[in-house]
Amino acid sequence: MSGGVLGFDTSNYTTSVAYFDGEQGRNVGKLLDVPEGTLGLRQSDALFQHVKRLPDLVGQLRADCDLTGLRAVGASTQPRAVEGSYMPCFLAGTSQARALADVLGVPFLPCSHQQGHLAAAAWSAGRLDLLDAPFLAWHLSGGTTELLHVTPEGYNVKAEAIGGTQDISAGQLIDRAGVLLGLAFPAGKALDALYEDGEKPKPFHVKLNELTFSLSGMENKVKDMVQRGEEPAAVARFVLDTVADVVVRATKQARERYPGLPVLCSGGVASNRRLRAAMEQACGAVFAEPRYSTDNAMGVAILTHRALERGARHE
């Protein structure tokens, strides 16, 4: 692979760099180190880890791809493409990407972390065509649970939040349940593995208000289950079945409002097997490959390449 573009993404918990040549791509990434028993990192600590790790990850990518003749460099510069969306950790990828673009004399093209998620999900599912027409999407991650109405906007997409959580995200609920059970953070994969061995407690019926809902009450129920000595597998089933149930119900209501639109699922929580099975059965939802569900720079690189193809203005 040569003559492509680079993408940088330095999210709250993953450092990643990707190469894309229009057809093939390669992403290298590494989770940030989170102290055992804690629920996350301060932004200053996340930023420090990104700055330290980026050179090594670029070196790994260079070993796998021919990076000569790079045509552009892109980076996610903010969590979402809305006013006021900001996290310091994105400065790590943005600053290095802009500097590299200047040295190479090539365009620098920004996008949001959320837009990158959507592009990576569509591409890895073999449905990059979704980005050229309206669709519905879920961004389900450690920090975000949003139901989106997505429309094309040049080489990129415009994502309008039409539903989702009013408080903690599905990813936060899963991670907090995992920490209560003594699992490592982030706890998505471990909770998913426990699910198969669990009994089948009835999921909690989370109330929908139009297309929004609250998950903070679920956290209290999980705490009660753990204190009562419920089996970890039963807790895992309770949490994941409840999340899947409310996401499916919200999606069905959204499709009544926007009939005929396809549904794309992105973000780390979208790699959960229970959620995937429920959404595929309910509405034929399109899912990213698991490795492109979690935070990655591939979507950033894909959008950067699309910008070149479509002659977008750049910074």
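Just above sits the structure.
Residues numbered from 1 in each chain as written. Predicted model: local features only at pLDDT ≥ 70, side-chain atom pairs only at ≥ 80, totals over all residues. Heavy atoms only, no water.

Undergrad: I'd like a description of the packing of helix α4 (residues 170–180) against helix α7 (residues 232–257), backed by residues and values.
TA: One way to put it is that α4 packs onto α7 with a least axis distance of 10 Å and a crossing angle of 175 degrees. One finds that α4 runs roughly antiparallel with respect to α7. Contacts between α4 and α7 pair Ala-170, Leu-173, Ile-174 and Ala-177 from the former with Val-239, Leu-240 and Val-243 from the latter. Of the residues in the contact of α4 with α7, the class split is seven nonpolar, no polar and no charged. (Axes fitted to C-alpha atoms, helices over the stretch in contact; angles between N-to-C directions. Helix = DSSP H or I, 4+ residues; strand = E, 2+ residues; numbered from the N terminus. Parallel < 35°, antiparallel > 145°, perpendicular 65-115°, else oblique. Contact = heavy atoms within 4.5 Å. Nonpolar A, V, L, I, M, F, W, Y, C, P; charged D, E, K, R; others polar.)

Undergrad: Go over unusual backbone geometry, please, and point to the residues and values.
TA: Here the amide bond leading from Phe-185 into Pro-186 is cis, since omega sits at -5 degrees, within 30 degrees of zero. For Glu-210, which is not a glycine, the phi torsion comes out positive at approximately 60 degrees.

Undergrad: So, the packing of aromatic side chains: which residues are in play, and what are the values?
TA: Per the stated rule, a full pass over the model turns up four aromatic pairs. Where Tyr-13 meets Phe-185, the ring centres are 5.3 Å apart and the plane angle is 70 degrees; that geometry is what we call edge-to-face. Taken together, the positions of Tyr-13 in the loop between β1 (5–10) and β2 (14–20) and Phe-185 in the loop between α4 and α5 (188–195) put the pair 172 residues apart, joining distant regions of the chain. Here Phe-185 falls in the buried class, since its relative accessible area comes to 17%. By way of ring pairs, the aromatic residues Phe-20, Trp-123 and Tyr-292 are connected into one cluster. A cation over an aromatic ring shows up here: Arg-237 above the ring of Tyr-195, its NZ or CZ 4.1 Å from the ring centre. (Phe/Tyr/Trp six-rings, centres within 6.5 Å; stacked < 30°, edge-to-face > 60°. Buried < 20%, exposed > 50% of the residue type's maximum accessible area, 1.4 Å probe, protein only. Lys NZ or Arg CZ within 6 Å of the ring centre and 35° of its normal.)

Undergrad: Describe the packing of α4 against helix α6 (residues 216–227), listing the residues and the values that go with them.
TA: It is the contact of α4 with α6, at a shortest axis distance of 10 Å, that shows an interaxial angle of 15 degrees. Here α4 is positioned roughly parallel relative to α6, judged by the angle of their axes. For the pair α4 and α6, the sense of crossing is right-handed. From α4, Leu-173, Arg-176, Ala-177 and Leu-180 reach across to α6, where they touch Met-218, Glu-219, Val-222, Lys-223 and Val-226. Per-class residue counts for the contact of α4 with α6 are six nonpolar, no polar and three charged. (Left-handed = near helix turned anticlockwise from the far one by under 90°.)

Undergrad: Please set out the nonpolar core residue by residue, giving values where relevant.
TA: Across soluble globular proteins, nonpolar side chains show a tendency to be buried alongside one another. Residues Trp-138 and Met-279 are the most contacted members of the largest nonpolar core, which totals 43 residues. Sorting the residues of this core by element identifies β6 (135–140), α4, α5, α6, α7, β10 (263–266) and α8 (273–283) as the ones contributing at least two each. Examining the composition of this core, we find that twelve residues originate from one element, α7, more than from any other. (Core = buried A, V, L, I, M, F, W, Y, C linked by side-chain atoms within 4.5 Å.)

Undergrad: A description of the pairing of strand β8 (residues 156–165) should follow, citing residues and the corresponding values.
TA: In the sheet, strand β7 (residues 145–153) pairs with β8 via eight bridges, with the strands oriented antiparallel. Paired with Glu-146 across the bridge in β8 is Gly-164. The hairpin formed by β7 and β8 contains two residues between the paired strands, and Gly-154 there has a positive phi angle of roughly 65 degrees. Here β8 runs beside strand β9 (residues 212–213); their pairing, made up of two bridges, is parallel. (Pairing = 2+ DSSP bridges.)

Undergrad: Hey, could you go over the pattern of salt bridges for me, with residue numbers and the actual values?
TA: Taken as a whole and judged by the stated rule, the model has 15 salt bridges. Where Asp-192 meets Arg-273, a salt bridge forms, and the shortest distance between an N and an O atom there is 3.2 Å. Here Arg-273 lies in helix α8 and Asp-192 lies in helix α5, a separation of 81 residues in the sequence. Of the charged contacts in the structure, one is a salt bridge between Glu-289 and Arg-291, with a shortest N-O distance of 3.1 Å. We classify Glu-289 as partly exposed; its relative accessible area is 31%. What you see here is one network of salt bridges that share partners, running through Asp-132, Arg-306 and Arg-310. (Salt bridge = Lys/Arg side-chain N within 4 Å of Asp/Glu carboxyl O.)

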